[in-house]
Structures are given as C-alpha cells and as structure tokens.
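Per-entry structural report
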Amino acid sequence: QVQLVESGGGLVQPGGSLRLSCAVSGRTFSSYTMGWFRQAPGNEREYVASISWNGGRTDYTDSVKGRFTISRDNAKNTVDLQMNSLKPEDTAAYYCAADRNKLALTRRAAEYDYWGQGTQVTVSS
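Residues numbered from 1 in each chain as written. Predicted model: local features only at pLDDT ≥ 70, side-chain atom pairs only at ≥ 80, totals over all residues. Heavy atoms only, no water.

A closer look at the overall build of the protein
Defined as follows: Secondary structure elements follow DSSP: runs of H or I no shorter than four residues count as helices, runs of E no shorter than two count as strands, and numbering proceeds from the N terminus. A 1.4 Å probe rolled over the protein chains alone gives each residue an accessible area, and that area as a share of the maximum for its type sets the label: buried under 20%, exposed over 50%, partly exposed in between. Note on contacts: a residue pair qualifies if any of its non-hydrogen atoms lie within 4.5 Å across the two residues. Computed with a 1.4 Å probe, the accessible areas rest on the Shrake-Rupley method; for each residue, only the protein chains presented here act as cover.
Per the secondary structure count, the protein includes zero helices and eleven strands. Start at the N end of the protein and walk to the C end: the helices and strands fall as β-β-β-β-β-β-β-β-β-β-β. C-alpha atoms of the protein, sized along the principal axes, occupy 40 × 25 × 25 Å. Taken over 125 residues, the protein has a buried fraction of 43%. A sequence separation of at least 24 residues applies to 60% of the contacts in the protein between residues at least 6 apart. When the accessible surface of the protein is totalled, it reaches about 6,400 Å², and 45% of it is carbon and sulfur.

Here's the deal with the nonpolar core
Going by this rule: Buried Ala, Val, Leu, Ile, Met, Phe, Trp, Tyr and Cys residues form a nonpolar core when they are joined through side-chain atoms within 4.5 Å.
Counting residues in each nonpolar core, the largest one holds 29 residues, and the members touching the most others are Met34, Trp36, Leu81, Met83 and Tyr94. When near neighbours in sequence (up to four residues on either side) are disregarded, Met34 contacts Leu4, Val24, Phe29, Ala49, Ser50, Ile51, Ile70, Arg72, Val79, Ala97, Ala98 and Tyr112.

Things to note about the sheet that holds strand β3 (residues 18-24)
Operational definition: At least two DSSP bridges between two strands are required for those strands to pair. To get an axis, fit a line to the C-alpha atoms, keeping to the stretch in contact for a helix; angles then go from 0 to 180 degrees between the N-to-C directions.
Strand order in the open sheet made by the four strands is β1-β3-β8-β7, with antiparallel pairing throughout. Strands at the two margins of the open sheet, each flanked by one partner only, are β1 (4-7) and β7 (68-73). Pairwise comparison of adjacent strand axes, ignoring direction, gives a mean angle of 15° for this sheet. With six bridges joining them, β3 and strand β8 (residues 78-83) adopt antiparallel strand pairing. Looking across to β8, one finds that Leu20 is bridged to Leu81.

Details of unusual backbone geometry
We note that Asn77 has phi near 60°; this positive angle belongs to a residue other than glycine. For Asn77, the position within the fold is in the loop between β7 and β8. For Asn77, a relative accessible area of 18% puts it in the buried group. Unusually for a residue other than glycine, Ser85 sits at a positive phi of about 50°.

What to know about the packing of aromatic side chains
Worth spelling out the cut-off: In summary, the pairing rule links any two rings of Phe, Tyr or Trp, Trp by its six-membered ring, whose centres are within 6.5 Å, and it sorts them by plane angle into stacked for under 30 degrees, edge-to-face for over 60 and tilted for everything else. We count a charge as sitting over a ring when the NZ of a lysine or the CZ of an arginine lies within 6 Å of the ring centre and within 35 degrees of the ring normal.
Throughout the structure, instances matching the rule amount to five aromatic pairs. Between the aromatic rings of Tyr32 and Tyr114, the centroid separation amounts to 6.0 Å while the plane-to-plane angle is 45°, which identifies the pairing as tilted. Taken together, the positions of Tyr32 in the loop between β3 and β4 (33-39) and Tyr114 in strand β10 (residues 114-115) put the pair 82 residues apart, joining distant regions of the chain. Given the relative accessible area of 5%, Tyr32 is considered buried. Aromatic side chains Phe37 and Tyr112 sit 5.2 Å apart centroid to centroid with 80° between the ring planes, which places their arrangement in the edge-to-face category. Note that Phe37 is positioned in strand β4 and Tyr112 in the loop between β9 (92-99) and β10, a separation of 75 residues in sequence. Of the two residues, Phe37 and Tyr112, neither departs from the other in class, the shared state being buried. Three or more aromatic residues joined by ring pairs form one cluster here, namely Phe37, Tyr47, Tyr112 and Trp115. Across from the ring centre of Trp115, 4.8 Å away, lies the NZ or CZ of Arg45, which sits over that ring.

Now the structure itself:
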C-alpha cells in the first residue's frame, strides 16, 4: 500500500519561504507522476504543481509560477515544494498526491490515485 506523508508546513510572514516535503512509501515511487494541491477553508481543492516521473517536466498553476518550485528525489522517495514570496492567499492545507499514470502531467485531482493527509501553511503577519 502506498502512503504519503507531508511535512514542513507552518506559520510564515508574507514574503517569507517554506519548503514542504512529501515522503512516499513503496517501491514504485519513481513511476508516479507527483502533484501538490491545496485547499483553503470553504474552497475546493486547488491544483498547485506537478512533476513527471523522472523530474523532466513540471507544471504550475499561474498563481504560483515564479514563486514555487516542485522537485523530486527518486532515490529518497520524496517530492518537495519550495515556496517563496508567500502571500496571505497561499494560506491553505497542502496535499501531495501520486498518479500511477506516468505518461502525462495532470491538473485534475480525480486523476490522482493516492493522497497524503495534508500539512497546514498559514501566511500572516
């Protein structure tokens, strides 16, 4: 069974940085497309970024382009989300997700097969 565990959330001031990490159990991590999503109270889950199985392709939602960077380490079974220049509107619970389809990046939450429990990010002064 595949398990995903996020870490690295917390409280940060506007303009600050945080690095989220997601540890994935299982021997097939390198075959997954990985994604990050977020959900603020009262809102639907929102796509943030994704990365292909070998890290060769990445994709970002427009609101985080130039500020967030997704990366992965297949030797360590981890996927990270470096978040810079954080804004109050980035406040949300952040979730990592795994898609067994390694052929394409997708922004659709329904395409992802496994999910973590989430880590809270709060951007506030």
